Amino acid sequence: MQIKLVLVFTAVLFQLGNAHGGVHVISELTDPAFLLAGAVVAEDAVVYIAGNGVAAVNVSNPTQPELLVSLRHPLLFGCGGLHIYRSADEGNLRLAVTCSSTDTLMLIDVENPRELKVLGTISDFVVLSRAADVVVKGNLAFVAVPGAASVVSFDITSEASPVHLSSIKLSGADSVSLLDDAHLVVASERGRRVSTLSFSPHGVLFKIGSIKDERFDGVISILKHGTLYLDFTFVISAANGGTFAVLNTTSQSRPSIVTAMQASVRLARPAATLKNEGKYDELGVSYIDAGWAPYGHKSILGATGMVLIENLIYIVGNTAGTISVMDVSDPSKPRIIRELNDARLIGAANICAANYDQESISLDGVLQILVAAVPSTGKLVLLKDTVERLSIQSAEL
Ligand SMILES: *[C@@H]1O[C@H](CO)[C@@H](O)[C@H](O)[C@H]1NC(C)=O
Ligand SMILES: *[C@@H]1O[C@H](CO)[C@@H](O)[C@H](O)[C@H]1NC(C)=O
C-alpha cells in the first residue's frame, strides 16, 4: 500500500518594494476650504489642510473622507507652512501655521480635531514678511521668511503670545526642516542653496554650512527623517523639469549631494534636431525600466511635494498629475519602483500619508493611504498604494 501525504499550504507574500501592485486614486473630496491649499499634514486618520483657512478631514474611512471642520480667520490667508507637534508642557496636539499673505505665524489647538482653537498669533510685515514654512522643536518655533531672506526663531512657551527671539539672514529662506535636536536645514530657491544652521536652547541661530547647486533652482522642498535616515536629507526642486536629490548631511558644516535624478532628459542632440528627425521617443525616453539613471524621469515632472514612509518616498508632480514611489533603501541609489499618472492630480501642491481603518477598505495588501491637495480645484485626492498579495498554493509530498 502506498501512502500519499498531501500537504497543502498557503504562503502569503507581501512583495514589499518590488514592482508589483500600484498607486490608485480611491476617492476625492471637494470643498471651498481646500481652494488655495498650500500644505497638508496628517496625524493618525485626520488630515489638516492650510490655505485660506485651516480644515480638518477624517480619512479613517478613505473611500468616504469627511470634512470635520473648516476654520476661518482674517489672518489665515495664503497659508503654506504647516507643522504638527505636541506642546512642550502637556503634550497636547498643536498646529503651527505660517501664512504668506498676512505675514503671520499662528498656533492652533487641534487636540479635538472637530473644534480647532486659535491659541496665539504673531503678524509682522518686516520680521515675518511672506512667512513660508515653520518647524517646532520644544518651546521653539523656526520660520522660513522669504521676504526678509531669513530664518526667525520664536519662544512659544506662552502659546497666546509667541516671542521673537532671533533672526539670521541668508541668501534666501523658503523652506525649513529639523536636521536633529539642535540643527535646521533651510532651502533658498533664489540662492539655489541648502544651508545648515544650529540653534541654541534660547533660539539663537548660527549658520554652519551650505551647498549651492544649479539643481536647487526653483521651488524647493526638503525632508529629513532623523531616526530613519540619520545621514541623509532629501530635496525636491523645480530644476530640470523636476529634481530629486539626496544630500549627505552627516557633516553639518559640509553638506554634499550624494545623487540626484531629474525629469528632463539629457539629449544627445538639441531637441529641435531630434524633432526634425521625427525622433520624439528620444525626447521623452524614460529610464525606469532600464534601471537607475539620473535623467528622463518623467514622473517627477513638476515635483512639488513628498512624504517619506519607511523606505519609500512618495513624490507628487503637478504638471501631468503623477505620483512616483521612490525606494530609498539605498539612499545613494534611489529607484522609482511604481508610478501613477492621473489627471485629478494635475496642479497638486503637496502630499501627506495618513493612518486609516484597515477594515474600511477590504483590499488586501494596502501599503499606505496618501492624501494630495489640489489648490486650483479645491480638491483633496485620496490614494492608496497597494502591494500585490501573492498566494502560492502547493505542494505534494
Ligand atoms: C473618524 O471616523 C471614524 C469612522 O469612520 C470614527 O470612528 C472616528 O471617531 C472619526 N474621528 C473623528 C476625529 O471624528
Ligand atoms: C557622508 O559624509 C561623510 C563625511 O562628511 C562621509 O564620512 C560619509 O562616508 C558620507 N556618506 C555617504 C553615503 O556618502
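Model, not experiment: these values are computed from the prediction.

Draft legend 1. Just the overall build of the protein chain, in detail. Looking only at helices and strands, one finds two helices and 30 strands in the protein chain. Of all 397 residues assigned to the protein chain, the portion counted as buried reaches 46%. Residue pairs in contact within the protein chain that sit at least 24 positions apart in sequence constitute 52% of those at least 6 positions apart.

Draft legend 2. Quick look at the site of ligand 2. By nearness alone, every residue bordering ligand 2 is listed as Asp231, Asn248, Thr250, Ser251, Arg254, Val258 and Ser332. Grouping the amino acids of the shell around ligand 2 by side-chain chemistry returns one nonpolar, four polar and two charged.

Draft legend 3. Just the site of ligand 1, in detail. Taken together, the residues surrounding ligand 1 are Ala45, Val46, Asn58, Ser60, Asn61, Leu68, Pro113, Arg114 and Asp357. A breakdown of the residues in the shell around ligand 1 according to their chemical character gives four nonpolar, three polar and two charged.

Draft legend 4. A look at the sheet that holds strand E20 (residues 232-237). Spatially, the four strands line up as an open sheet ordered E19-E20-E21-E22, and their pairing is antiparallel. One side of each edge strand has no neighbouring strand; the edge strands of this open sheet are strand E19 (221-224) and strand E22 (256-262). Here the strands of the sheet are splayed against their neighbours by 20 degrees on average, with no regard to which way each runs. Strand direction decides the pairing type here: E20 and strand E21 (residues 243-248), joined by six bridges, are antiparallel. Across the sheet, Val235 pairs through a bridge with Ala245, a residue of E21.

Draft legend 5. Expanded view of the environment of Ala144. Mapped onto the fold, Ala144 is located in strand E12 (residues 140-145). Overall, Ala144 belongs to the buried group, with 28 C-beta atoms counted inside 10 Å. Residues within four places of Ala144 in sequence aside, it is in contact with Ala132, Asp133, Val151, Ala173, Asp174, Ser175, Val176 and Val186.

Draft legend 6. Up close: the environment of Ser221. For Ser221, the location among the structural elements is in strand E19. Along the backbone, Ser221 and Val235 are 14 residues apart, and their C-alpha atoms lie at a distance of 5.8 Å.

Draft legend 7. Seen up close, the nonpolar core. Counting 112 residues, the largest nonpolar core has Ile49, Val54, Val151 and Val371 as the members making the most contacts within it. Leaving out residues up to four positions away in the same chain, Val371 has contacts with Val40, Ala42, Val47, Val59, Ile351, Cys352, Ala354, Leu380 and Leu382.

Draft legend 8. Region of interest: the sheet that holds strand E27 (residues 350-354). One open sheet accounts for four strands, arranged E2-E29-E28-E27; its pairing is antiparallel. Only two strands of the sheet have a single partner each, and these edge strands are strand E2 (22-30) and E27. Neighbour to neighbour, the strand axes of the sheet diverge by 25 degrees on average, direction disregarded. Relative to strand E29 (residues 379-386), strand E28 (residues 366-374) runs antiparallel, the two sharing eight bridges. Note on E29: the bridge partner recorded for Ala373 is Leu380.

Draft legend 9. Inspection of the environment of His297 at higher detail. With respect to the helices and strands, the residue His297 is situated in the loop between helix H2 (280-284) and strand E23 (303-309). Judged by the 31 C-beta atoms lying within 10 Å of it, His297 falls in the buried class. Considering only alpha carbons, one finds His297 and Gln262, 35 residues apart in sequence, at a separation of 5.9 Å.

Draft legend 10. Examining the pairing of strand E8 (residues 93-99) more closely. In terms of burial, E8 is largely enclosed, as six of its seven residues are buried. Bridge count between strand E7 (residues 79-86) and E8: seven bridges; the pairing is antiparallel. Across the sheet, Gly81 pairs through a bridge with Thr98, a residue of E8. In this antiparallel pair of consecutive strands, E7 and E8, the connection spans six residues, and Gly91 shows a positive phi of 70 degrees. Of the pairings in the sheet, the one linking E8 to strand E9 (residues 104-109) comprises six bridges and is antiparallel in character. If you follow Val97 over to E9, its bridge partner there is Met106. Hairpin connection of E8 to E9: four residues between the antiparallel strands, including Asp103 at a positive phi of 50 degrees.

Draft legend 11. Main features of the confidence of the model for the protein chain. For the protein chain, the mean per-residue pLDDT works out to 87, and 85% of the residues sit at or above 70. Per-residue pLDDT stays below 50 along residues 1-19; that stretch engages in 26 contacts with residues further than four places along the chain or on separate chains. In this model residues 391-397 is a low-confidence stretch, pLDDT under 50, and it forms nine contacts with partners more than four residues away in sequence or in other chains.

Draft legend 12. Layout of unusual backbone geometry. Not every positive phi belongs to a glycine, and Ala149 is a case in point at roughly 45 degrees. Structurally, the position occupied by Ala149 is in the loop between E12 and strand E13 (150-155). If you check the backbone angles, Glu310 has positive phi at about 50 degrees while not being a glycine. Topologically, Glu310 is positioned in the loop between E23 and strand E24 (312-317).

What counts and what doesn't
- Residues numbered from 1 in each chain as written.
- Chains lettered and ligands numbered in written order.
- Predicted model: local features only at pLDDT ≥ 70, side-chain atom pairs only at ≥ 80, totals over all residues.
- Helix = DSSP H or I, 4+ residues; strand = E, 2+ residues; numbered from the N terminus.
- Buried ≥ 20, exposed ≤ 12 C-beta atoms within 10 Å, placed from the backbone.
- Contact = placed C-beta atoms within 7 Å.
- Near = placed C-beta within 6 Å.
- Nonpolar A, V, L, I, M, F, W, Y, C, P; charged D, E, K, R; others polar.
- Pairing = 2+ DSSP bridges.
- Axes fitted to C-alpha atoms, helices over the stretch in contact; angles between N-to-C directions.
- Core = buried A, V, L, I, M, F, W, Y, C linked by C-beta atoms within 7 Å.
- pLDDT = per-residue confidence, 0-100.

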